[in-house]
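Listed below, chain by chain, are the residues.
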Amino acid sequence: MSYCKQEGKDRIIFVTKEDHEAPSNAELIEDDPNDPYEDHGLILPNGDINWNCPCLGGMASGPCGQQFKDAFSCFHYSKEEVKGSDCVENFRSMQECMQKYPELYPQEDDNDSAPSGGADNAPSDSVPTSSPESTPATTENPAAS
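Definitions and cut-offs
- Residues numbered from 1 in each chain as written.
- Predicted model: local features only at pLDDT ≥ 70, side-chain atom pairs only at ≥ 80, totals over all residues.
- Heavy atoms only, no water.
- Helix = DSSP H or I, 4+ residues; strand = E, 2+ residues; numbered from the N terminus.
- Contact = heavy atoms within 4.5 Å.
- Areas by Shrake-Rupley, 256 points an atom, 1.4 Å probe, with all protein chains shown as cover.
- Expected span 1.5 Å × (residues − 1).
- Buried < 20%, exposed > 50% of the residue type's maximum accessible area, 1.4 Å probe, protein only.
- Salt bridge = Lys/Arg side-chain N within 4 Å of Asp/Glu carboxyl O.

Draft legend 1. Representation of the overall build of the protein chain in the model. Of the regular secondary structure elements, the protein chain holds 4 helices and 2 strands. Along the protein chain, from the amino end to the carboxyl end, the secondary structure elements read β-β-α-α-α-α. Counting only contacts in the protein chain whose residues sit at least 6 apart along the sequence, the fraction spanning at least 24 positions is 29%. Counting every atom, the protein chain has about 12700 Å² of accessible surface; 51% of that belongs to carbon and sulfur.

This is the structure:
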């Protein structure tokens, strides 16, 4: 026997094997591309940028929101052979603005992005160097014989 239960905003429908044997009579409603409340991705159906997209992480708002919008729009609509090469000044303006607000736009530290114990963290005197007097060690590969 199939049944339905509501959990918060979700409706959970349990069906039986017999319920699945009959063809569905559900009617799908076509999405309205002009619905302002419909969730869209970064680019709206008309080709405009969706500044409310969560994928932008709030960059379109805040003290540097306008600079971000200018730079991102320039890149999005760029027709240059190297896309965005005509937007350098916009991105420079955005970067200068972000540097004024380090608490809102923290810069990534190079040491944080390097894997721990990697070559960047090794002391310089532990890196092997070769000199003309040193002879490379040879190893014999028994499988090659």
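What follows continues from the structure just given.
Draft legend 2. Molecular detail of helix 2 (residues 65-77). With 13 residues, helix 2 extends 18 Å from end C-alpha to end C-alpha; this agrees with the ideal 18 Å at 1.5 Å per step. Listed as buried for helix 2 are G65, F68, A71 and C74. Buried residues along helix 2 sit against helix 3 (88-99).

Draft legend 3. Broad picture of the pattern of salt bridges. Scanning the model with the defined rule gives 3 salt bridges in all. Between D10 and K9 there is a salt bridge, with its nearest N and O atoms 3.1 Å apart. With relative accessibility at 75%, the residue K9 sits in the exposed group. For R92, the salt bridge is made with E89, and the minimal N-O distance between the two is 2.7 Å. A residue pair is termed a helical-turn pair when its members lie 3 or 4 positions apart in one helix, as R92 and E89 do in helix 3 at 3 residues.

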